[in-house]
Amino acid sequence: QVQLQESGPGLVEPSQTLFLTCTVSGASITGGYYYWSWIRQSPGKGLEWIGYIPYIGSSYYSPSLNGRTSISRDTSKNQFTLQLSSVTPEDTAVYFCARRGTIAGGTGILYDYWGQGTQVTVSS
């Protein structure tokens, strides 16, 4: 069974950097053909895709967050991380990590496994 678990501070001060870790069990983050993703949810914006890091290769980020987002892998711990710099209260959300796969030979995508989500509040 594949499991993902978010962890990190629940409170971040404005202008500082949000840092979250997703710990993956039951699958290797380099095991093939998956994109390890970060998604967030807030009442006003709904679900918002942040970015992903593939099983191999470079990260890709939402254009709206590209300038201050970094996603990386720690293969030895089977973890991937999110850094979001210069945060404001608008970054307050529940943050999810999830595994993105492919359906029907590339005709579609799905997020088949999700973490439970972790609340991050940006406040002084």
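The structure we're discussing is the one just above.
Residue positions are given per chain, counting from 1 as you read along its sequence in written order. Side-chain atom pairs in this predicted model are given and counted only at pLDDT of 80 or more, local residue features only at pLDDT of at least 70, and totals for whole chains, interfaces and linings cover all residues. Hydrogens and water molecules were not included; the side-chain quantities draw on all heavy atoms of the structure.

(A) Spatial organisation of the sheet that holds strand β7 (residues 69-74). What the four strands build is an open sheet, ordered β1-β3-β8-β7; its pairing is antiparallel. Single-partner strands in this sheet number two, and they are β1 (3-7) and β7. Neighbouring strand axes in the sheet, compared pairwise and without regard to direction, differ in orientation by 20° on average. Sheet topology note: the strand β3 (residues 18-25)/strand β8 (residues 79-84) ladder contains six bridges and is antiparallel. Note that in β8 the partner of Thr21 across the bridge is Thr81. DSSP bridges decide pairing: two strands pair if at least two such bridges lie between them. The helix count covers DSSP runs of H or I at least four residues long, the strand count covers runs of E at least two residues long, and both are numbered beginning at the N terminus. Convention adopted: a line fitted to C-alpha atoms gives each axis, helices being fitted over their contacting stretch, and angles between N-to-C directions are expressed from 0 to 180 degrees.

(B) The arrangement of the pairing of strand β9 (residues 93-103) in detail. Burial classes follow relative accessibility: with a 1.4 Å probe on protein chains only, a residue under 20% of its type's maximum area counts as buried, one over 50% as exposed, and anything between as partly exposed. Here β9 lies mainly inside the structure; eight of its 11 residues are buried. Across three bridges, β9 lies against strand β11 (residues 118-122) in antiparallel orientation. Opposite Val94, over in β11, you have Gln119 as the bridge partner. Here β9 runs beside strand β10 (residues 108-114); their pairing, made up of six bridges, is antiparallel. When the bridges of β10 are listed, Ile103 appears paired with Gly108. Between β9 and β10, which pair antiparallel one after the other, the connecting turn spans four residues, and Ala104 there sits at a positive phi close to 50°.

(C) Seen up close, the pattern of salt bridges. We define a salt bridge as a contact between a side-chain nitrogen of Lys or Arg and a carboxyl oxygen of Asp or Glu at a distance within 4 Å. All chains considered together, the criterion is met by four salt bridges. In this structure, the salt-bridge partner of Glu48 is Arg40, at a minimum N-O distance of 2.8 Å.

(D) Structural context of the state of the cysteines. Two cysteine sulfurs form a disulfide in these notes if their separation is within 2.5 Å. Counted under the stated rule, the structure contains one disulfide. A sulfur-sulfur separation of 2.1 Å characterises the disulfide bridge that pairs Cys22 with Cys97. Residues Cys22 and Cys97 are joined through a disulfide that is right-handed, its torsion about the S-S bond being 70°. With Cys22 in strand β3 and Cys97 in strand β9, the pair connects residues that are 75 residues apart, well separated along the chain. Judged by relative accessible area, which is 0%, Cys22 ranks as buried.

Any functional reading would require information that these geometric values do not contain.
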